[in-house]
Protein chains: 2
Amino acid sequence: MIVKKDLPACPVATTVGLIGNKWKLLILRDVLGGAKRFGELHKSLEGISQKVLTDNLRSMEEDGLLTRTVFPEVPPRVEYSLSRLGDSMRPIIKNMEEWGLKYKELAAKATQE
Amino acid sequence: MIVKKDLPACPVATTVGLIGNKWKLLILRDVLGGAKRFGELHKSLEGISQKVLTDNLRSMEEDGLLTRTVFPEVPPRVEYSLSRLGDSMRPIIKNMEEWGLKYKELAAKATQE
DNA sequence: CGGGATCCATTGCGATACTG
DNA sequence: CAGTATCGCAATGGATCCCG
């Protein structure tokens, strides 16, 4: 599902409009590994406040990147998982992961000198 | 050149720390096409203020992603180009571009229905 | 447990003016 | 041209309380 926003002319800007934000990228990273509960995300994303996490999750849900599933239990359980659209971002995160790994190798070398 | 910051354990977080920001990603996009002058970037990045552009350029320079070259002319000319480290981010931006293109196709289809 | 609602401090950022 | 400096507002985000 795609919700209309004004799409910028540049495709990169389009993508950046959806995930050009620290937390969204990290949320994506977490959810790539499978559905996550609110509390799990909150723990994993160190430093994020409940409010900001909620805001980002809502936004990503609106944009069709995430699927929110409520399990009618007591206590309530809510899971966030990747939609098909969200899953199509996997290569982007994968690239960032690979880049980060290489960067850390470089940083390690630079340190030992 | 790599400047030390505290590197997070997660490689994705490492990358996000350097470019997990709307403007930096768009600056990267612009500079991928070759060296750009300050004014060119300012025009291309619609909506950015001079201050924020300067701040981001400085930050990216500190992080070793960009190279800043001053030409001792009158009027002064300053060019920003990709360092080797910055250039290694090309695949990430490329992915985002491809994703944006596909997304726009989807959006177009959804509209015509 | 997973939020919604408030209130408030902090900051980000735009606008403007000035300079080498 | 490519900045730096300053000011002041608006928005972001943190903390807290409450609820289904």
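For the structure itself, consult the block above.
This text gives an overview of the structure that appears in the document. Treat the numbers as computed from the prediction; the structure is a model and nothing was measured. (Residues numbered from 1 in each chain as written. Chains lettered and ligands numbered in written order. Predicted model: local features only at pLDDT ≥ 70, side-chain atom pairs only at ≥ 80, totals over all residues. Heavy atoms only, no water.)

Our next topic: the interface of chain A and chain B. Every contact between the two is made by 39 residues of chain A and, on the other side, 39 residues of chain B. Both sides together, the interface formed by chain A and chain B hides about 3500 Å², and carbon and sulfur atoms give 77% of it. At the boundary of chain A and chain B, one finds zero salt bridges. Taken together, chain A and chain B are joined by twelve residue pairs in polar contact (both at pLDDT 80 or more). Counting residues per element, the ones that place at least two in the side of chain A that touches chain B are helix H1 (11-19), helix H2 (22-32) and helix H6 (90-112) of chain A. By residue class, the composition of the side of chain A that touches chain B is 26 nonpolar, eight polar and five charged. (Contact = heavy atoms within 4.5 Å. Buried area = accessible area lost by both parts, 1.4 Å probe. Salt bridge = Lys/Arg side-chain N within 4 Å of Asp/Glu carboxyl O. Polar contact = N/O pair within 3.5 Å; in protein donor to acceptor, adjacent residues only side chain to side chain. Helix = DSSP H or I, 4+ residues; strand = E, 2+ residues; numbered from the N terminus. Nonpolar A, V, L, I, M, F, W, Y, C, P; charged D, E, K, R; others polar.)

Here we come to the protein's contact with DNA strand D. As a structural note, the neighbourhood of DNA strand D is formed by 16 residues, with Ser49 and Lys51 of chain A together with Gln50, Arg68 and Tyr80 of chain B the closest of them. A distance of 3.1 Å separates a phosphate oxygen of DNA strand D from a polar atom in the side chain of arginine 58 of chain B. Between DNA strand D and tyrosine 80 of chain B, the relevant distance is 2.6 Å, taken from a phosphate oxygen to a side-chain nitrogen or oxygen of the residue. At the level of secondary structure, the elements contributing two or more residues to the surface near DNA strand D comprise helix H4 (50-62) of chain A together with helix H3 (38-44), helix H4 (50-62) and strand E3 (77-82) of chain B. Sort the elements by how many residues they give to the surface near DNA strand D and H4 of chain B lands first, with three residues. Of the residues that constitute the surface near DNA strand D, the class distribution is seven nonpolar, five polar and four charged. (Near = heavy atom within 4 Å.)

None of this, on its own, says anything about what the molecule does.
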